[in-house]
Amino acid sequence: MIRIYIVEDEPIIARTIKKALEEEGYSICGIANNGKEALYDIDELKPDLVLLDITLKGDVDGIKIAEKLNAKAQVPFVFLTSLTDPKTTERVKHTKPAGFIGKPFTISS
């Protein structure tokens, strides 16, 4: 079973993603709402995939998490964000994400 870790600072969105993925047969091994907690958990839990919101509270955003994953853990990640401005897009490109999902998104059954 594929184990997914979710980094999302909006609790309602995190729960919605978790529920939708579990209904599709994926295992959610953890959820964090900030970068520091996420980095610790990802190192401990070793998920197969990380879903990363770019904008997080605190000084460690999703892009910084992605940079650290590339340098250390080699865990694939997909960005979830409503930010599609050129500056953010440029920051995202160099991290080589496995994907990029724009918010809002629709979960269909």
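This section reports on the structure supplied with the text. On a predicted model such as this, the values are computed, not experimentally measured, just so you know.

Some thoughts on unusual backbone geometry
Point 1. One non-glycine residue, Lys-46, adopts positive backbone phi at about 50 degrees.
Point 2. With respect to the secondary-structure elements, Lys-46 resides in the loop between helix 2 (35–45) and strand 3 (49–53).
Point 3. Here Lys-96, not a glycine, exhibits a phi torsion of approximately 55 degrees, which is positive.
Point 4. Residue position: Lys-96 is located in the loop between helix 4 (86–93) and strand 5 (99–102).

Quick look at the packing of aromatic side chains
Point 1. A full pass over the atoms with the stated rule returns 1 aromatic pair.
Point 2. Both rings, one in Phe-77 and one in Phe-79, keep their centres 5.5 Å apart while their planes meet at 75 degrees; by these two values the pair is edge-to-face.
Point 3. Look at Phe-77 and you get buried, because its relative accessible area is 2%.
Point 4. The class of Phe-79 is buried, set by a relative accessible area of 0%.

Thoughts on the environment of Leu-56
Point 1. Structurally, Leu-56 is set in the loop between strand 3 and helix 3 (62–73).
Point 2. A sequence separation of 21 residues divides Leu-56 from Phe-77, and the C-alpha atoms of the two residues are 16 Å apart.

Considerations on the pattern of salt bridges
Point 1. Applying the stated criterion across every chain, the model contains 6 salt bridges.
Point 2. The partner of Arg-91 in a salt bridge is Asp-61, with the nearest N and O atoms 3.1 Å apart. Pair noted here: Arg-91 is in helix 4 and Asp-61 is in the loop between strand 3 and helix 3, with a separation of 30 residues, a long-range link.
Point 3. Note on Arg-91: relative accessible area 32%, which makes it partly exposed.
Point 4. Lys-93 serves as the salt-bridge partner of Glu-90, at 3.1 Å between the closest nitrogen and oxygen. In this pair, Glu-90 and Lys-93 are both assigned in helix 4, 3 residues apart and thus about one turn of the helix distant.
Point 5. A residue is classified by how much of its surface remains accessible, and Glu-90, at 48% relative accessible area, is partly exposed.
Point 6. We classify Lys-93 as exposed; its relative accessible area is 51%.

Quick notes on the pairing of strand 1 (residues 3–7)
Point 1. Among the 5 residues of strand 1, 4 are classified as buried, and the element is accordingly described as predominantly covered.
Point 2. Here strand 1 runs beside strand 2 (residues 27–32); their pairing, made up of 5 bridges, is parallel. Along strand 2, the bridge assignment pairs Arg-3 with Ser-27.
Point 3. Direction of pairing for strand 1 relative to strand 3: parallel, over a ladder of 4 bridges. Along strand 3, the bridge assignment pairs Val-7 with Leu-52.

Calculation rules
Residues numbered from 1 in each chain as written. Predicted model: local features only at pLDDT ≥ 70, side-chain atom pairs only at ≥ 80, totals over all residues. Heavy atoms only, no water. Helix = DSSP H or I, 4+ residues; strand = E, 2+ residues; numbered from the N terminus. Phe/Tyr/Trp six-rings, centres within 6.5 Å; stacked < 30°, edge-to-face > 60°. Buried < 20%, exposed > 50% of the residue type's maximum accessible area, 1.4 Å probe, protein only. Salt bridge = Lys/Arg side-chain N within 4 Å of Asp/Glu carboxyl O. Pairing = 2+ DSSP bridges.

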